[in-house]
Protein chains: 2
Amino acid sequence: MATADLDYGDPRGSAELRRVIAGYLRRVRAAATNPEQVIVSTGFAQGVSLVLRALAQAGARCVAFEDPGYGNAETDETVRAAAAAGLRVVHVPVDDLGLDVAALEASGAQVVVVTPAHQSPTGVVLAAGRRQALVDWAARRDAFVIEDDYDSEFRYDREPVGVLQGLAPDRVFTIGTTSKALAPAVRLGWVLAPPALPDAVAAEKLISDRGSSTLDQLALAALIRSGRYDRHLRRMRVIYAQRRARLIDALARHAPGTRLTGLAAGFHAVAHLRPTADEQAVVAAARERRVGLYGISDYRADGTDGPPQLVIGFGNVGERAIEPGIAAVADLLR
Amino acid sequence: MATADLDYGDPRGSAELRRVIAGYLRRVRAAATNPEQVIVSTGFAQGVSLVLRALAQAGARCVAFEDPGYGNAETDETVRAAAAAGLRVVHVPVDDLGLDVAALEASGAQVVVVTPAHQSPTGVVLAAGRRQALVDWAARRDAFVIEDDYDSEFRYDREPVGVLQGLAPDRVFTIGTTSKALAPAVRLGWVLAPPALPDAVAAEKLISDRGSSTLDQLALAALIRSGRYDRHLRRMRVIYAQRRARLIDALARHAPGTRLTGLAAGFHAVAHLRPTADEQAVVAAARERRVGLYGISDYRADGTDGPPQLVIGFGNVGERAIEPGIAAVADLLR
């Protein structure tokens with residue numbers, strides 16, 4: 001490191017890392033960007049908090065979240081961050097095509113937080129028509145979209161879906177993180193801001209923590225620049241694809257007929273239970289057997305019942321643990 | 001690292017680092033603390049922002065800053081962070097004994113941010129009577145003191161002054177940082193909260209960035225635990241003491257009679273100019289000669305004139321550069 005790099009840095013982040021991230025996002029995520037639009041953050045959590053505060057400062061009053069999605073202010077820190085930024089929070093339903101844009105239109109929100117590449121937690125990919133409708137909404141309403149691009153580097157069957165930001169760079173903030181590609185403990189991510197708004201986000205970053213660790217930033221820049229970040233992602237995609245195949249296979253054998261969706265990308269899938277199943281009882285019993293899964297109602301804004309579904313993660317579990325885990329769940333379902 | 005440490009961590013910080021910091025602050029700063037009161041932050045900037053937000057949430061409406069001190073909302077991000085937290089900002093004068101506690105009492109503030117060990121920028125040490133008056137004020141008014149303990153590890157002539165927190169652990173937040181001991185680029189610090197309030201600060205940390213890098217935290221814990229952090233501080237104290245001696249000597253020879261104060265600790269001193277001197281002209285001319293110094297008016301809340309004084313730093317300058325720098329300043333003063 002140069003001695004100058006040991007001092008307080010640019011609150012937007014190291015020039016070197018911002019250059020590397022802009023290049024990475026253009027290449028891998030089809031983003032329309034340059035380093036001037038990139039602000040380095042501690043991860044998604046800080047990124048979304050900074051953007052919400054910046055938009056509240058700029059006059060936004062209401063933000064919409066997907067439902068199911070992060071959940072509500074009691075269960076989720078992102079929803080709490082929105083409230084802390086002084087924004088009213090509304091929830092907009094997600095269906096098989098992703099966010100219901102007509103319902104968003106009716107909600108009166110000026111900002112929406114979405115997971116278009118792999119909706120969290122349903123796993124639905126935002127349909128092409130909805131993508132266009134969403135950016136049209138933003139342009140018409142002078143509104144902004146915050147794109148949580150959390151696991152899009154891990155896509156299996158189809159070509160990667162580019163970021164929504166590529167469709168409407170003036171209206172979309174894209175927030176990325178190394179939490180899935182490397183580890184949450186790294187605490188590095190980025191905000192890609194519309195060309196008119198990086199300064200507003202940087203001003204929030206300055207009062208929030210005066211900038212992220214330059215040492216960590218230069219290490220990440222070196223990792224990406226060297227090609228090892230891409231190699232690591234390629235290697236992990238194969239490993240996750242194997243776990244995913246094992247999950248599909250195990251569920252088909254142990255609980256035949258169980259519908260499994262949301263598998264196009266990422267590290268989790270949604271298993272649809274029969275309508276009379278008691279989702280929370282299955283979750284509780286599975287936890288007792290040391291199988292970690294979630295009920296989709298944990299992700300609903302009002303927590304009330306919808307169709308019973310299980311959110312099954314395979315990102316943080318060895319391939320061999322999947323079969324007995326699914327066998328235990330199938331046993332409970334019977 | 002254990003695999004579990006790679007996941008999202010406790011928003012308060014790594015249990016290991018919090019244990020190490022609590023021990024360090026008891027030993028080195030005479031703090032009354034335990035790990036439950038420690039929240040790891042990105043540095044002073046984040047620490048003070050989290051505490052101000054937590055206190056605003058708890059009902060505080062007005063915060064006082066020292067004058068001269070950080071400056072005003074236009075010049076300083078800490079003052080801006082207070083305004084962003086929804087707090088009204090007032091300024092309270094500093095005299096030769098430190099913060100004027102009677103003026104604080106009259107200000108109506110419920111929170112005050114102070115630099116008791118080595119006032120920034122005057123270098124005054126808060127007098128014993130004032131220390132007691134300050135904690136009495138807090139107890140009487142149900143108010144809180146935020147202690148910016150930024151450079152107290154570097155003290156030269158006298159025994160270190162313990163933290164104010166030791167006098168009134170229920171009323172004082174102490175914020176420390178590695179920015180001076182290691183480097184600003186490290187971006188690690190800590191908040192030591194009153195026993196009733198760590199959860200309120202941790203809640204703000206959670207929505208702010210969900211926690212600091214565990215990798216960095218474990219590295220810092222290992223550094224302190226190993227004794228190398230203390231050894232580094234001892235070595236640096238000698239080096240800074242030499243620079244300080246060189247500064248005193250050079251000023252005495254090149255500008256005899258110039259009063260120099262604030263030298264008990266830290267990396268800067270205040271040179272008192274004759275009353276008719278044009279402080280800002282000297283600063284500008286010095287900068288043209290590549291000598292970095294500041295006028296004390298940059299630290300005043302209203303920027304208007306007080307006695308002309310120069311704030312001269314010696315923390316980030318080689319010992320050999322001090323003599324020609326002071327010679328150039330003396331030339332300007334003539």
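If you're wondering where the values come from, they're calculated on a predicted model, not measured in any experiment.

### Thoughts on the overall build of chain A
Logical step 1: Counting its secondary structure elements, chain A contains 10 helices and 12 strands.
Logical step 2: Taking 334 residues into account, the globule formula puts the C-alpha radius of gyration at 20 Å, and chain A, at 20 Å, falls close to it.
Logical step 3: Overall size of chain A, expressed as C-alpha extent along the three principal axes, is 60 × 45 × 35 Å.
Logical step 4: Looking at the 334 residues of chain A, the share that counts as buried comes to 58%.
Logical step 5: Here the contacts in chain A between residues at least 6 apart in sequence split such that 75% fall between residues at least 24 apart.
Logical step 6: Just so you have it, chain A exposes about 13,300 Å², and 51% of that area is on carbon and sulfur atoms.

### A few points about the relation of the copies chain B and chain A
Put simply, the second copy of the chain is the first one after a rotation about an axis and a shift along it.
Logical step 1: Superposing chain B onto chain A takes a rotation of 180° combined with a translation of 0.0 Å along the rotation axis, leaving an RMSD of 0.0 Å. The transformation just described matches what one would write down for a two-fold rotation axis. The C-alpha atom lying nearest the rotation axis in chain B is that of Ser208 of chain B; the distance is 3.8 Å.
Logical step 2: Same-surface contact between copies: 100% of interface residues of chain B are shared with the interface of chain A.

### Description of the interface of chain B and chain A
Logical step 1: The interface of chain B with chain A comprises 33 residues on the first partner and 33 residues on the second.
Logical step 2: Between chain B and chain A, roughly 2,700 Å² of surface is buried when both sides are summed, and carbon and sulfur atoms account for 54% of that area.
Logical step 3: In this structure, the connection of chain B to chain A is made through two salt bridges.
Logical step 4: A salt bridge links Arg210 of chain B to Glu77 of chain A; its shortest N-O distance comes to 3.1 Å.
Logical step 5: There are 16 residue pairs in polar contact (both at pLDDT 80 or more) connecting chain B and chain A.
Logical step 6: Contributing elements (two or more residues each) for the side of chain B that touches chain A: α2 (44-57), α3 (77-84), α6 (198-209) and α7 (214-225) of chain B.
Logical step 7: Its residues assigned to classes, the side of chain B that touches chain A comprises 13 nonpolar, 10 polar and 10 charged.

### Structural notes on helix α9 (residues 279-288) of chain B
Three or four residues apart is the spacing at which side chains of an α-helix point the same way, because the helix has 3.6 residues per turn.
Residue and element names in this part refer to chain B.
Logical step 1: Inspection of α9 places Glu279, Val282, Val283 and Ala286 among the buried residues, and these make up the whole buried set. Down the axis of α9, the smallest arc covering the buried residues is 100°, so these residues share one side.
Logical step 2: Looking at the buried positions of α9, the neighbouring elements they touch are β11 (294-295), β12 (309-313) and α10 (319-333).
Logical step 3: Arg290 occupies a position one or two residues after α9 and carries a positive phi of about 65°.

### Details of the sheet that holds β11 of chain B
Strand pairs in the sheet, formed through backbone hydrogen bonds, run parallel or antiparallel to each other.
Residue and element names in this part refer to chain B.
Logical step 1: Spatial ordering of the open sheet is given by β9-β10-β12-β11, a layout of four strands whose pairing is antiparallel. At either end of the open sheet lies a strand with only one pairing partner, and these are β9 (259-261) and β11.
Logical step 2: As judged from the two bridges shared by β11 and β12, these two strands associate in the antiparallel manner. By the bridge assignment for β12, Tyr294 is matched with Val311.

### Details of the side chain of Thr178 of chain A
All names here are of chain A.
Logical step 1: Within the secondary structure layout, Thr178 lies in the loop between β7 (172-177) and β8 (189-192).
Logical step 2: Among the polar contacts listed, one links the side chain of Thr178 to the backbone oxygen of Leu188, at a separation of 2.8 Å.
Logical step 3: Other than its neighbours up to four places away in sequence, Thr178 contacts Ala183, Val186, Leu188, Gly189, Trp190, Leu220 and Tyr229.

### Some remarks on the domain arrangement of chain A
Residues and elements named next belong to chain A.
Logical step 1: Partitioning chain A into structural domains gives domain 1 (3-226) and domain 2 (230-333).
Logical step 2: The centre of domain 1, based on its C-alpha atoms, is set 26 Å off from the matching centre of domain 2.
Logical step 3: The partner domain 2 presents 25 residues to the 29 residues of domain 1 that form the contact.
Logical step 4: Of the roughly 2,200 Å² buried at the junction of domain 1 and domain 2 (both faces included), carbon and sulfur atoms supply 57%.
Logical step 5: On the domain 1 side of the interface with domain 2, the three residues burying the most area are Pro121, Phe154 and Tyr156, jointly 32% of the side's total.
Logical step 6: In this assembly, domain 1 and domain 2 are joined by one salt bridge.
Logical step 7: One salt bridge in this structure joins Asp230 and Arg27, with 2.6 Å as the shortest N-O distance.

Cut-offs applied
- Residues numbered from 1 in each chain as written.
- Chains lettered and ligands numbered in written order.
- Predicted model: local features only at pLDDT ≥ 70, side-chain atom pairs only at ≥ 80, totals over all residues.
- Heavy atoms only, no water.
- Helix = DSSP H or I, 4+ residues; strand = E, 2+ residues; numbered from the N terminus.
- Rg over C-alpha atoms; globule rule 2.2 N^0.38 Å.
- Buried < 20%, exposed > 50% of the residue type's maximum accessible area, 1.4 Å probe, protein only.
- Contact = heavy atoms within 4.5 Å.
- Areas by Shrake-Rupley, 256 points an atom, 1.4 Å probe, with all protein chains shown as cover.
- Least-squares fit on C-alpha atoms with pLDDT ≥ 70 in both.
- Buried area = accessible area lost by both parts, 1.4 Å probe.
- Salt bridge = Lys/Arg side-chain N within 4 Å of Asp/Glu carboxyl O.
- Polar contact = N/O pair within 3.5 Å; in protein donor to acceptor, adjacent residues only side chain to side chain.
- Nonpolar A, V, L, I, M, F, W, Y, C, P; charged D, E, K, R; others polar.
- Arc of directions from axis to C-beta.
- Pairing = 2+ DSSP bridges.
- Domains from an automatic or database assignment.

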